[in-house]
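Each chain, written out:
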Amino acid sequence: MPSAAVAYRACDPGFKTTGRNRDAMCRDPFAEALAEKLSARLGIGLETIRGAMERPPKPEMGDYAFPCFMAAKALRAPPQKIAASLAAEFPAMGLSDMFERAVATGPYLNFFVNKGRFAASIVNGILDAGERYGSSDVGAGKTVIVEYSSPNIAKPFHVGHLGTTLIGASLSRILASLGYNVVRINHLGDWGVQCGFQLLGWRRWGSEEALRRGGIQYLCDLYVRVCRESEKDPAMEAEARAMFKRLEEGDAELLAVWRRFTEVTMNELEGSYRRLGVEFDLVRGESYYHKPGLEMIAELKRKGLAEESEGAVVVKLDDERLPPCILLKSDEATIYATRDLAAAVDRAKTFGFHKCLYVVDVRQSLHFRQVFAVLKKMGFPWAAGLIHVSFGLMRIQEGDQVLAMSTRGGQMVPLKEFLDRMAAVVRCIVEEKNPELGEHEKATVAEAVGVGAIIFQWLSKRRNSDSVFDRHKATDTRGDSGPYLQYTHARACSILRKFRASAERSDAVVTATAESSPLTGSAPAGGSSPGPACSSRAAAPGAVPPGVPLRADPSLLSHPTELKVAMRLRDFPAAVLSAAEQYEPCVISSYMLELASEFSGFLDACRVLSQDESLTRSRAALVAAVATVLRKGLYLLGIPAPEKM
RNA sequence: GCCCCGAUAGCUCAAUGGAUAGAGUACCGGCCUCCGGAGCCGGUGAUCCAGGUUCGAAUCCUGGUCGGGGUACCA
């Protein structure tokens, strides 16, 4: 019998599919066997049956379900009757080694698997696949660009930047695990009129000495001061705009200051990204696309698409029922649309992308619709692969008020401050729960769990809903949270450590020969740019005894909680795929909570380490499979998975 | 005005047109002779309104209500 991991073949993301659980249900050997029999019996295509297979809402109803609505149409009989007659025929269908029975529940035909065989099949499949479980090669040969984070220069990295940064980083990992060649781009906001404001502030009040002392916050303060004063004094705003214009014209003195701003910003960003575990393949400012943008405008004019209007150069988009896309302002300075157009063309040329994702907040949706429309008008076939992955706004709770986050208004929390506070909160908990850890270990764990709490919070809801940042709630580590997942993983690791220790003492397990863990074995197909499936940071190896052929015995894992866990483990590849299709990391977050909670239920109901040697081995195999999937899921979200906490 | 997004339990969030709408938190009650209690088990509690499509709607369509965002030279 093929293992679940080997038999699983995912569909291409974006491939239109219908039916609940379609992939989860259609690619493991149990579902496959059912689909084949039902297809032959009903004369309905195999693919159709696969797409219709479901998982019953409650375990006591069954393990697989076939809704008979489609068969009702084909056979012109009520679905209830079809379900009943199929249930009666089931014992003769020759599936008794895999399934205990089938029962009709209304229009549904529900199947009960042979618990032990099913659980062992899934668990052993995962142990064979290791960290590649849930990965696939559907994206092989296709390049996907993910643009995310993209903060403006000369401002501190703050919690408002977390949405794009964490969603983008997670989507990158998810897509890479499906075999896509992912190019992660940080499109720095280093150009535009805000640079004029910053330069003006510097020219009026700035000093290198103060910059050395105050760092990026000093630059930000200057910027805020200019903004405040130019609200009262329109002449000042005009001066700032003129300064950006001069920057575009290549003023050497301004360029030197601007470069200094970029340098300071990069230093600041590096620390933030390192703490969050976020990486990029290409960090390139908008400024890079200033000149190509001007060339774009010339080309658009040649093609007759760009025209002058109210003193600006625009592309009219009336046929798309969109406002015109402005390319050149009436002062002849460029605008972000110009640079985005040039960047897209450059990326198409350089990478030949299948898709290009822009992880940018929802306020820019009109902007992207305009830019995409212009590129379509220009006749680029790849324009169809441009996707704005938008996300909702985050406001901040200040006392009784809910305010928009803004640098200028001062309603923002610098990331550094937030991460430090989070780590301090966790540190207290570690101190209480695990005082025997060493000093260094405590600090490492506090950081990992603090960061995990933050990342999970951002990735556990659908992107497009707005949210409120509450300083107190944000630091809660109980309940459905990143720390809960990390804790569950650490428990699993702890049990496996004890299992390994006692196994070595009793010589019951073949002594390890291979030093390589499943984690470092082989990278997933096409995962070249981000490296192996799991980096050492977000997923530490070593939970499974290296080289030990840990197996689950088909006759031993028959407790209801064991079946529940196995079912959930089986669903993992479908969850990864669904997250990619929807560009929604929260699909994986939700999955992980289910898995962790069901696994905790199992630990409560069943003792893993016992006198019964073979039962212990089978249960340890289950624990190892869960640990593998938890680690992989945490990795895909970008959350560290410490083995102790 | 027009366009986009959202509305599910007191609060924060899930739910692929499918069966009795699922968690956490808060509140009430249980569980440590405990492999990690940052946990487990139970209880209370919800689909904004009105139509429509469908065998079947939180989900799709139409019209409202409320909230957020955008709407020509910011990003």
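Just so you know, these numbers come straight off a predicted model, no measurement behind them. (Residues numbered from 1 in each chain as written. Chains lettered and ligands numbered in written order. Predicted model: local features only at pLDDT ≥ 70, side-chain atom pairs only at ≥ 80, totals over all residues. Heavy atoms only, no water.)

K.L.:
Quick question: what am I supposed to make of the state of the cysteines here?
P.N.:
Structurally, a disulfide amounts to a covalent bond that connects the sulfur atoms of two cysteines. Taken as a whole and assessed by the stated rule, the structure comprises zero disulfides. The structure places no disulfide on C325, whose sulfur is separated from the nearest cysteine sulfur, that of C356, by 16 Å. (Disulfide = S-S within 2.5 Å.)

K.L.:
Sorry, what's going on with the packing of aromatic side chains here?
P.N.:
Two measures describe an aromatic ring pair: the distance that separates the ring centres and the angle between the ring planes. Enumeration according to the criterion identifies 23 aromatic pairs in this entry. Summarising the aromatic geometry, the rings of Y288 and Y289 are spaced 5.0 Å apart at their centres and angled 75 degrees between planes, so their arrangement reads as edge-to-face. When its relative accessible area of 43% is taken as the criterion, Y288 is described as partly exposed. Pairing F353 with W382 gives two aromatic rings, centres 5.6 Å apart and planes at 75 degrees, and the pair type is edge-to-face. With F353 in the loop between helix 14 (336–351) and strand 10 (355–359) and W382 in the loop between helix 15 (365–377) and strand 11 (386–389), the pair connects residues that are 29 residues apart, well separated along the chain. Neither F353 nor W382 differs from the other in exposure class; each is buried. Each member of the aromatic cluster is reached from another via a ring pair, and the members are F30, Y64, F90, F99, F111 and F118. (Phe/Tyr/Trp six-rings, centres within 6.5 Å; stacked < 30°, edge-to-face > 60°. Buried < 20%, exposed > 50% of the residue type's maximum accessible area, 1.4 Å probe, protein only. Helix = DSSP H or I, 4+ residues; strand = E, 2+ residues; numbered from the N terminus.)

K.L.:
Any chance you could explain the pairing of strand 4 (residues 143–147) here in plain terms?
P.N.:
A regular strand carries its side chains on alternate faces of the sheet. Across the five residues that make up strand 4, a large majority, five, are buried. Alternating positions in strand 4 separate into two faces, T143, I145 and E147 on one and V144 and V146 on the other, with burial throughout. The pairing of strand 4 with strand 5 (residues 181–188) spans five bridges and is classified as parallel. Note on strand 5: the bridge partner recorded for V146 is R184. The β-α-β motif built from strand 4, the intervening helix 8 (residues 162–177) and the parallel element strand 5 has right-handed crossover chirality. Of the pairings in the sheet, the one linking strand 4 to strand 10 comprises four bridges and is parallel in character. Residue pairing in the sheet places V144 in a bridge with K355 of strand 10. (Pairing = 2+ DSSP bridges. Right-handed = clockwise from strand over helix to strand, strands pointing away.)

K.L.:
Sorry, what's going on with the sheet that holds strand 4 here?
P.N.:
Strand pairing in a sheet relies on backbone hydrogen bonds, with the paired strands running either antiparallel or parallel. Pairing is parallel in the open sheet, where five strands are placed in the order 6-5-4-10-11. Looking along the sheet, the strands with just one partner apiece sit at the ends: strand 6 (282–285) and strand 11. Strand-to-strand, the axes of this sheet are offset by a mean angle of 25 degrees, without reference to chain direction. As defined by bridge partners, strand 5 adjoins strand 6 across four bridges and the pair is classed as parallel. Across the sheet, the residue bridging to I185 is L282, located in strand 6. Together, strand 4, strand 5, strand 6 and strand 10 form the strand contacts of helix 14, whose direction differs from that of strand 5 by roughly 155 degrees. (Axes fitted to C-alpha atoms, helices over the stretch in contact; angles between N-to-C directions. Contact = heavy atoms within 4.5 Å.)

K.L.:
Could you clarify how one ought to interpret the nonpolar core in this entry?
P.N.:
In summary, soluble globular proteins display a tendency toward joint burial of nonpolar side chains. Formed by 136 residues in total, the largest nonpolar core has its most connected members in Y64, F66, F99, F111, F469 and L569. The element best represented in this core is helix 21 (residues 613–637), accounting for 14 residues. Every residue in contact with F99, bar those within four places of it in the chain, is listed here: F30, L34, Y64, F90, F111, F112, V113 and N114. Among the nonpolar cores identified, the runner-up in size contains 37 residues, and I145, L317, L322 and F353 belong to it. (Core = buried A, V, L, I, M, F, W, Y, C linked by side-chain atoms within 4.5 Å.)

K.L.:
How should the sheet that holds strand 13 (residues 401–404) be read in this particular structure?
P.N.:
Read from one edge to the other, the open sheet built from three strands follows the order 13-12-14, with strand pairing classed as mixed. The two strands at the open ends of the sheet, each matched to only one other strand, are strand 13 and strand 14 (467–469). Adjacent strand axes in the sheet meet at a mean angle of 40 degrees, parallel and antiparallel pairs treated alike. Alignment of strand 12 (residues 394–398) against strand 13, held across four bridges, turns out to be antiparallel. Within strand 13, the position partnered with E398 by the bridge is Q401.

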